[in-house]
Amino acid sequence: MYAIRYTSPSGKTWTTSNTYSDTIANTAGCDSVITVNLTVRNKTTETNSPDVCDSYTSPSGKTWTTSNTYSDTIANTAGCDSVITVNLTVRNKTTETITANVCDTYTSPSGRHTWFGTGIYKDTIPNAAGCDSILTINLTVIATPVVTVSTLAGSGTSGYTDGTGTSAQFKNPYGVAVDGAGNVYVADRYNHRIRKITTSGVVSTLAGSSQGYTDGTGTSAQFYNPTGVAVDGAGNVYVADLSNHRIRKITTSGVVSTLAGSTSGYADGTGTSAQFNNPSGVAVDGAGNVYVADLSNHRIRKITASGVVSTLAGSTYGYADGTGTSASFDKPYGVAVDGAGNVYVADLYNHRIRKITASGVVSTLAGNGTYGYTDGTGTSAQFSYPKGVAVDGAGNVYVADQSNHAHSKNNCIRCGQHARWYGTYGYTDGTGTSAKFAYPTGVAVDGAGNVYVADESNHRIRKITLSAGSAETTETITANVCDSYTSPSGKTWTTSNTYSDTIANTAGCDSVITVNLTVRNKTTETITANVCDTYTSPSGRHTWFGTGIYKDTIPNAAGCDSILTINLTVIATPIVTVSTLAGSTQGYTDGTGTSAQFKYPMGSSGRWRWKCVCSGSVKPPHSKNNYIRCGQHARW
C-alpha cells in the first residue's frame, strides 16, 4: 500500500479521508474558510484465485476464457490505480467416456459410486463453478459379483404388527420406495396402511388404519388397497390408492391429503376433478411431477406439482408402440422415472417393459409379449406378469417379474441385456438363484445400488445387496493326455509332472492354476510268454489257452493306446470239447437244438452246425479241410 496525502490551500497535509476545515489568512484580516470533503485513495495490489465455469469477467470488465495468471488494473480519478493479480481456473462442462477393466470393485472418479458388476455407468464430477463433468464408464469386472438376498422386515405370517425386523407383520405388501436416507416405505395392501422401515429395520405405521377413505394425519387417515408408493427428494410420500381411485400425498409429518382423483372413471383435470380407474403404480421426478399407472384405464397419467392431471400415453387396452394416445397398454401396473424424464412401465398383461420418453414416445424396452421366462436382449427376453419396476442413477431398470418369482435386472444402456438374478417360488434367503420369492410385486433401488422387494405372498420386505466377487483364483487341474498338453495360458508340456500356470488379465487379477499332468505315449511292444495252461493278457480283456501269437490293446483316457504283440507258448494241450449245438437230418425246420434242421450250413458238405468249445471259446467251423480249427495252428 502506498501512502497518499493531500495538501490544503493553506499548506496543511492530510492522509485520511474525512471532512476538514482550512483557513486562508490574509493581511486585511478577512480570512477565507474552506470546508474540504476529502477522499484519500491508496494504491493497492491484490491477488484473487477464482474457479469458474466457461469464462471470467475481471473487476475492470475484461473477459478471459482460459486458465492462466492475469493482471487487472482498476483505475481511479486520483491516479492511484489498484492492480489485481488473477490466478484463474476456467472449467468447461465436459462429457467423457472411460473404459475400465478391474478385478472385482470399481470406485467412480467422483468417489460417489462403487460398482461390482460389468456394465455401462454414469458418473458426475461436480465443481464449485457449477459446470459438472459427465462421465460414461464402460466397465468390465472380471469377478462375478455376489448377490445376497436377506429379509429386511416381516415374519412371513400375514398380519399387522409394528416392530423390528422379523417381529413385524405385513399383509400382502405390494409397493416399495426408498428415500435418500435409506428409509423404505411400503404399501401394505390388505392392512390398508403405509408403513415405514428405517435402515435398522424398525417398522412403524406412517399413515392409515382400517379400510376406507379419509384424509387426515397418521392413523386418522384411511386408504383402500394401496398398491403403489413413491417418495420425493423432500421426503413426501405419494400413494396409488387403488380402490379409492385416487393419488394421495403424505407429508413428512404424516399429513395425508388427496393430490388428484375422485370416483372411478377417466377424466383429465385438476385435483379431484380428474378421474382414475384403479391406479396401481406411482413415481415422482425431481421437479415434483407424479406419474401414475392407471391400471384399468390402460394409460399412464401425469400429475404436475400443482395437481393438473393429463394423459402421457395410452388409450384403449392392447399393444402398440407409438406417441401419446396412439400407444396401447394392457393393464400397466408399475411405473418408474429416471433423471432424464424417461418413464418405465411394467405392462402386466403384455408381459413387457415399456419406455416413454419425456415427449411421450412409447417403445418396448424388453419382452416379446409371450408369457414365459427367457433371458435375452430386448424383445428376445420373456416376462410373466411383471408388476414392479425401478430405475437407478446409472439407468439400470429393475423388474419384479411376479409369476416367474424372480427379480430381474434390465440394463437399458447395455442395449436391453436382460438377466435373472434369483428366484423360484418359495421363501429362502441366500445368494443368487438359491434365494426364493413368492409373487414379488414391488421393487425399489437406493443410491448405493441396494434393491428392495415387496415379496407379496411371503408377507415380507426383502433386501438384495451386491458385493465384490473374487477375481484372483487358484485352481488345481488333473490332466491325463497323449503326447503333449497345452495349458490354459498357452504353454506346452510333454512330460509328466506338476506344473504351475498363470492366466493374466488386464485388470491385474491373475488366476494361478496347478496342473497335475500325466503324459502318455502311444507304444508298440512285443512280449514273449511261457505258461502252463492259461494266459491272461496285460489289458485283462483276453484269456488264451493255446500256443500262438496274439494281439492286445491297453487303452488310456488320453486316447493313446499301447499295442502289444504276445508270443505265447502254452505247455498244456487245451481240452477241446465238441457238441451239437443245433441240427439233425437234412431239411429245413426252426426249433430248439437237434429238433432244428439245416441243409448244407455255410456251404459245407456236412449237415450240422457245430459248437466248438475250446475251454470256453466258441469258434466257427472251418469247412474246406473237413477240420475244425481253434487257436493258431491246431488241427482237431
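On a predicted model such as this, the values are computed, not experimentally measured, just so you know.

(A) Region of the structure containing the overall build of the chain. Counting its regular elements, the chain contains zero helices and 60 strands. Considering the chain as a whole, with its 636 residues, one finds that 46% of them fall into the buried category. Considering only contacts in the chain between residues 6 or more positions apart, those separated by 24 or more positions represent 43%. For the chain, the computed accessible surface area is about 29,700 Å², with 48% contributed by carbon and sulfur atoms.

(B) Inspection of the pairing of strand E44 (residues 451–455) at higher detail. With five of five residues buried, E44 lies mostly within the body of the structure. Here E44 shows a buried face lined by Val451, Val453 and Asp455 and a second buried face lined by Tyr452 and Ala454. By the bridge criterion, five bridges tie E44 to strand E45 (residues 460–467) in an arrangement that is antiparallel. Following the sheet pairing, tyrosine 452 is matched in E45 by lysine 463.

(C) The arrangement of the side chain of asparagine 289 in detail. Considering the arrangement of structural elements, one finds asparagine 289 in the loop between strand E28 (279–284) and strand E29 (290–294). Its relative accessible area of 15% is what places asparagine 289 among the buried residues. Apart from residues lying up to four places away in sequence, asparagine 289 is in contact with Ala283, Val284, Lys302, Ile303, Thr304 and Ala305.

(D) Spatial organisation of the sheet that holds strand E55 (residues 562–570). Read across the sheet, three strands follow the order E51-E55-E54 without closing on themselves; strand pairing throughout is mixed. Lying at the two open borders of the sheet, with one neighbouring strand each, are strand E51 (524–531) and strand E54 (548–554). Neighbouring strand axes in the sheet, compared pairwise and without regard to direction, differ in orientation by 25 degrees on average. Direction of pairing for E51 relative to E55: parallel, over a ladder of eight bridges. In the strand pairing of E55, glutamate 525 is matched with leucine 564.

(E) Representation of the pattern of salt bridges. For the structure on display, the rule yields twelve salt bridges. Between aspartate 188 and arginine 195 there is a salt bridge; the shortest N-O distance is 2.7 Å. For the residue pair aspartate 188 and arginine 195, the accessibility class agrees, reading buried in each case. One salt bridge in this structure joins lysine 491 and aspartate 501, with 4.0 Å as the shortest N-O distance. Highlighted residues: lysine 491 in the loop between strand E47 (485–486) and strand E48 (492–493) and aspartate 501 in strand E49 (residues 497–503), separated in sequence by ten residues. Where salt bridges share partners, they join Asp162, Asp188 and Arg195 into one cluster.

(F) Highlighting unusual backbone geometry. Of note, the phi angle at tyrosine 385 is positive, near 55 degrees, even though the residue is not glycine. Assessed through its relative accessible area of 28%, tyrosine 385 is described here as partly exposed. Phi at tyrosine 439 takes a positive value of approximately 60 degrees, unusual for a residue other than glycine. Counting through the fold element by element, tyrosine 439 comes out in the loop between strand E42 (430–431) and strand E43 (440–445).

(G) Quick look at the environment of threonine 272. With respect to the helices and strands, threonine 272 occurs in the loop between strand E27 (269–270) and E28. When the C-alpha positions of threonine 272 and leucine 259 are compared, they lie 7.5 Å apart, and in sequence the two are 13 residues distant. If we ignore the near neighbours within four places in the chain, the residues touching threonine 272 are Thr258, Gly261 and Ser262.

(H) Representation of the sheet that holds strand E19 (residues 184–188) within the structure. In spatial order, the strands read E17-E21-E20-E19-E18; together these five strands make up an open sheet with antiparallel pairing. Each edge of the open sheet is held by one strand with a lone partner, namely strand E17 (163–164) and strand E18 (173–178). Pairing geometry for E18 and E19, over five bridges, is antiparallel. For glycine 175, the partnering residue across the bridge sits in E19 and is alanine 187.

(I) Expanded view of the side chain of aspartate 455. One can find aspartate 455 in strand E44. Judged by its relative accessible area of 0%, aspartate 455 is buried. Excluding residues within four positions of it along the chain, aspartate 455 makes contact with Pro173, Lys436, Phe437, Ala438, Tyr439, Pro440, Arg460 and Arg462.

(J) Focus on the packing of aromatic side chains. One pass over the structure, following the stated rule, counts 14 aromatic pairs. Ring plane angle 10 degrees and centroid distance 6.1 Å describe the contact between tyrosine 535 and tryptophan 544, whose orientation is recorded as stacked. Residue tyrosine 535 shares its accessibility class with tryptophan 544, and that shared class is buried. In textbook terms, an aromatic cluster arises when at least three aromatic residues are bridged by ring pairs, as seen for Tyr6, Trp14 and Tyr20.

(K) Summary view of the environment of threonine 161. Relative to the assigned elements, threonine 161 resides in the loop between strand E16 (146–153) and E17. Between the alpha carbons of threonine 161 and threonine 205 there is a distance of 9.2 Å; along the sequence they are 44 residues apart. With near-sequence residues (within four places) excluded, threonine 161 lies in contact with Ser167, Ala168, Gln169 and Arg195.

Reading guide: rules and limits
- Residues numbered from 1 in each chain as written.
- Predicted model: local features only at pLDDT ≥ 70, side-chain atom pairs only at ≥ 80, totals over all residues.
- Heavy atoms only, no water.
- Helix = DSSP H or I, 4+ residues; strand = E, 2+ residues; numbered from the N terminus.
- Buried < 20%, exposed > 50% of the residue type's maximum accessible area, 1.4 Å probe, protein only.
- Contact = heavy atoms within 4.5 Å.
- Areas by Shrake-Rupley, 256 points an atom, 1.4 Å probe, with all protein chains shown as cover.
- Pairing = 2+ DSSP bridges.
- Axes fitted to C-alpha atoms, helices over the stretch in contact; angles between N-to-C directions.
- Salt bridge = Lys/Arg side-chain N within 4 Å of Asp/Glu carboxyl O.
- Phe/Tyr/Trp six-rings, centres within 6.5 Å; stacked < 30°, edge-to-face > 60°.

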